[in-house]
Amino acid sequence: MQLRLISWFFITLNFMEYIGSQHASRVRRQGRMHPNVSQGCQGGCATCSDYNGCLSCKPRLFFVLERIGMKQIGVCLSSCPSGYYGTRYPDINKCAKCKADCDTCFTRNFCTKCKSGFYLFSGKCLEKCPDGLEANNHTMECTSIVHCEASEWSPWSPCTKKGKTCGFKRGNEVRVREIVQHPSAKGNPCPATSESRKCIVQRKRCQKEGKGKKNREEKRKKSNKDESKETRQESKGRAARRQNREQRENNNKTQPKKRKAPNKEQNLAPVDTAH
């Protein structure tokens, strides 16, 4: 009986030692694989590994796996990169990859921008737009076909011929309209924006006399201006000639007096010698 008790004691002791060793090894392994932030985790990681990078992220950050060659490393980001969409869970926020034909997406089944060669329609990327829609190569989306729209016709213009409204009996009148909406690539083209038709009016003479009077008045004004210029120039010339004539006369008057003065002195000289 005592031998049985001793054997059971050693068995339980060995079993407890085995459990303790397994727990210690698991703690050491977790310490190597999941060190906390104070032990060297960077870039928003809550737990990390030297080999696998981030294992979990801080609150509100998204966890995403980045492939570097044959290796995947965990990274924590404030928002998911292009080609990924974010999903939030109680324990972790993850970035999942969009579909292959989708460049950016809101969820896996709702794309917001397609890759080159695809057109966006209702959250899906299509190679060809459905019937009734056309592909917009600028926005890379399937849009509705837009037809041309024109305004109402304007009233007919007065009947004219060669830009005149008189001096004829048969002429033309014109009306116009504006383009309100330009068409898309597959839309109906725009109609003509102007049209003309022949018209008949009661012939009336153009008022040429009035124009002749105006022309004559303008010619008179011009001739008066020219005459006034000529008269001014002639008056200036006459005044200059008059001044020159007066200067010559004054010069002629002063020169003889100077010549006569020495003659008088010569006549008086022999009288003085006679005495």
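These numbers come from a predicted model, not from an experiment. In this convention, every chain numbers its residues from 1, walking through the sequence in written order. A pLDDT threshold of at least 70 governs which residues receive local features in this predicted model, and a stricter bar of 80 or more applies before side-chain atom pairs are shown or counted, although totals over entire chains, interfaces and linings include all residues. Side-chain numbers here rest on the full set of heavy atoms in the structure, without hydrogens or water.

(A) Spatial organisation of the packing of aromatic side chains. Only centres within 6.5 Å qualify two rings of Phe, Tyr or Trp (six-membered ring in Trp) as a pair; their planes then separate them into stacked at under 30 degrees, edge-to-face at over 60, and tilted for everything else. Counted according to the given criterion, the structure contains zero aromatic pairs. Its guanidinium or amino end placed over the ring of Y51, K71 lies 4.4 Å from that ring's centre, counting from NZ or CZ. In this scheme, the term charge over a ring applies when either NZ of a lysine or CZ of an arginine sits within 6 Å of the ring centre and within 35 degrees of the ring normal. Between the NZ or CZ atom of R197 and the centre of the ring of W156, over which it lies, the distance is 4.0 Å.

(B) Inspection of the environment of K128 at higher detail. Structurally, K128 can be placed in the loop between strand 10 (124–126) and strand 11 (133–136). With a 1.4 Å probe rolled over the protein chains alone, any residue whose accessible area is under 20% of its type maximum counts as buried; one over 50% counts as exposed, and the rest are partly exposed. Residue classification places K128 among the exposed positions, given a relative accessible area of 71%. Put simply, K128 and F118 are 10 residues apart on the chain and 7.6 Å apart in space, counted from C-alpha to C-alpha. What counts as a helix is a DSSP run of H or I of at least four residues, what counts as a strand is a run of E of at least two, and both are numbered from the N terminus.

(C) Quick peek at the pairing of strand 4 (residues 71–77). Two strands pair under a simple rule: DSSP has to find at least two bridges between them. Across seven bridges, strand 3 (residues 62–68) lies against strand 4 in antiparallel orientation. Bridged to R67 within strand 4 is Q72. Here strand 3 folds back onto strand 4, and the loop between the two strands holds two residues, one of which, G69, carries a positive phi near 70 degrees.

(D) Geometry of the side chain of E173. Within the secondary structure, E173 is located in strand 14 (residues 170–176). With a relative accessible area of 13%, E173 lands in the buried category. For the purposes of these results, a polar contact is taken to be a pair of N or O atoms within 3.5 Å, where, inside protein, one atom must be able to donate a hydrogen and its partner to accept one; residues adjacent in sequence count only when each atom of the pair is a side-chain atom. Looking at E173, its side chain comes within polar contact range of the side chain of R197, at 2.5 Å. Any two residues having at least one pair of non-hydrogen atoms within 4.5 Å are treated as being in contact. Apart from the residues lying within four places of it in its own chain, the contact partners of E173 are W156, S157, P158, C159, E195, S196, R197 and C199.

(E) Representation of the state of the cysteines in the model. The disulfide criterion is simple: two cysteine sulfur atoms within 2.5 Å. All chains considered together, the criterion is met by 10 disulfides. Here C57 connects covalently by a disulfide to C76, the sulfurs 2.0 Å from one another. Disulfide C57-C76: torsion about the S-S bond near -90 degrees, hence left-handed. Placement of C57 in strand 2 (residues 53–57) and of C76 in strand 4 is noted, with a sequence separation of 19 residues between them. Among the residues examined, C57 registers a relative accessible area of 15% and is labelled buried. Taking the relative accessible area as the measure of exposure, C76 reaches 7% and is therefore buried. At a sulfur-sulfur separation of 2.0 Å, the disulfide partner of C80 is C95. Residues C80 and C95 are joined through a disulfide that is left-handed, its torsion about the S-S bond being -90 degrees.

(F) Spatial organisation of the pattern of salt bridges. Salt bridge, as applied in this entry: a Lys or Arg side-chain nitrogen positioned within 4 Å of an Asp or Glu carboxyl oxygen. Here the structure, examined in full by the defined rule, presents two salt bridges. Residues R197 and E173 are paired through a salt bridge, measuring 2.5 Å at the closest nitrogen-oxygen approach. Here the residue R197 occupies a position in strand 16 (residues 194–200), and E173 occupies one in strand 14, the gap between them amounting to 24 residues. A salt bridge links E195 to R175; the shortest N-O distance between them is 2.4 Å. Of the two residues, E195 is situated in strand 16 and R175 in strand 14; the sequence distance between them amounts to 20 residues. E195 sits in the partly exposed class, given a relative accessible area of 31%.

(G) Seen up close, the side chain of E134. For E134, the location among the structural elements is in strand 11. For the purpose of counting charges, residues Lys and Arg are taken to be positive, whereas Asp and Glu are taken to be negative. His and the chain ends are not included. Although E134 is buried, it makes no salt bridge; K186 carries the closest opposite charge, 6.0 Å away. A polar contact is formed between the side chain of E134 and the backbone nitrogen of K186, at a distance of 2.9 Å. Contacts of E134, omitting those with residues within four sequence positions, involve C129, E141, C142, T143, S144, I145, S184, A185 and K186.

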